[in-house]
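What follows is the residue order along each chain.
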Amino acid sequence: FCELYREKDMEMRMALSGHHPHFEKLIKSCMTVAELMIASDAMHNHFFSVEKRYAIVPAMDCEQSVLGIIGDFMIQVDVVLLSVVYIETFGGYRISIRSCDDGIAANEIICSICEGIGSGGGHSKKSGGWVSGEQFRGKYGEMDFFSFLERRLNELLPDPGR
């Protein structure tokens, strides 16, 4: 209920506003305890590039929405301009990207990362994508996915003093 743009969705939100304790709980409850453990472990094991001001966060298998929550949390850190959260799944990798810098478009970054090995999209602040494990190995051989992300981000992102 945070990002509603369609008229019917906004009407529904207005109809449900007021004192509805169960509705309040649903709004505030977006993670399970297991997902909280996944998120905390992922954030604990993040990588941060001091030079380019991005974070790469590998996570355990979870829903795409949890990847987004982790990414949203990471860009709240004052020095992080871009977060890339990913999981390895059967057959490939799911990625969520968040940007809090007008000069770094998350949708352009995800499209560049996925080019020729998957697909991605979104908008300038939030994006997501999928990389096929088979296509990734075919193009990059035995390179691990974290190293690939680090290399691509260093190529794609401007220096902070731009």
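Predicted model only: the values in this text are computed from it and were never measured.

(A) Summary view of the environment of Gln64. Mapping Gln64 onto the fold places it in helix α4 (residues 64–74). Expressed as a C-alpha distance, the spacing of Gln64 and Gly129, which sit 65 residues apart in the sequence, is 9.8 Å. Ignoring sequence-local partners within four residues, the contact set of Gln64 consists of Arg94, Ile95, Ser96 and Gly128. Polar side-chain contacts of Gln64 include one of 3.1 Å to the backbone oxygen of Ile95.

(B) Spatial organisation of the packing of aromatic side chains. A complete count under the given rule lists ten aromatic pairs for this structure. With centroids separated by 3.8 Å and ring planes inclined at 5 degrees, the aromatic side chains of Tyr93 and Phe145 adopt a geometry described as stacked. Here the residue Tyr93 occupies a position in strand β4 (residues 92–99), and Phe145 occupies one in helix α7 (residues 145–156), the gap between them amounting to 52 residues. Under the relative-accessibility criterion, Phe145 is labelled buried at 3%. A centroid spacing of 5.6 Å and a plane angle of 35 degrees characterise the contact between Phe145 and Phe148, whose relative ring orientation is tilted. Residue Phe145 and its partner Phe148 are both found in helix α7; the two are separated by three residues, about one turn of the helix. The two residues Phe145 and Phe148 agree in class, both being buried.

(C) Structural detail: the pairing of β4. The element β4 is extensively covered by neighbouring structure, given that eight of its eight residues are classed as buried. Sheet topology places strand β3 (residues 82–89) next to β4; eight bridges connect them, and they run antiparallel. The residue bridging Leu82 from the neighbouring strand is Ser99, located in β4. With seven bridges connecting them, β4 and strand β6 (residues 126–132) associate as antiparallel partners. Bridge pairing links Arg98 to Lys126 in β6.

(D) Structural view of the sheet that holds β6. Across the sheet, which stays open at both edges, the six strands sit in the order β1-β2-β3-β4-β6-β5 with mixed pairing between neighbours. A strand with exactly one partner marks an edge of an open sheet, and here the two such strands are β1 (47–49) and β5 (118–122). Between one strand and the next, the sheet's axes are offset by a mean angle of 15 degrees, whatever the strand orientation. This element, helix α5 (residues 106–114), spans β4, β5 and β6 of the sheet and lies at about 5 degrees to β6. Strands β4, β5 and β6 of the sheet are contacted by helix α6 (residues 133–140), whose axis makes an angle of about 75 degrees with β6.

(E) Focus on the nonpolar core. Judged by nonpolar contacts, the single largest core of 24 residues is most densely connected at Ile95, Ile97, Phe145 and Leu153. Beyond its immediate sequence surroundings of up to four residues, Phe145 is in contact with Tyr86, Tyr93, Ile95, Val131 and Phe136. Core analysis: the next-biggest nonpolar cluster, separate from the first, contains twelve residues, Val57, Val66, Val80 and Ile87 among them.

Reading the values: the criteria
- Residues numbered from 1 in each chain as written.
- Predicted model: local features only at pLDDT ≥ 70, side-chain atom pairs only at ≥ 80, totals over all residues.
- Heavy atoms only, no water.
- Helix = DSSP H or I, 4+ residues; strand = E, 2+ residues; numbered from the N terminus.
- Contact = heavy atoms within 4.5 Å.
- Polar contact = N/O pair within 3.5 Å; in protein donor to acceptor, adjacent residues only side chain to side chain.
- Phe/Tyr/Trp six-rings, centres within 6.5 Å; stacked < 30°, edge-to-face > 60°.
- Buried < 20%, exposed > 50% of the residue type's maximum accessible area, 1.4 Å probe, protein only.
- Pairing = 2+ DSSP bridges.
- Axes fitted to C-alpha atoms, helices over the stretch in contact; angles between N-to-C directions.
- Core = buried A, V, L, I, M, F, W, Y, C linked by side-chain atoms within 4.5 Å.

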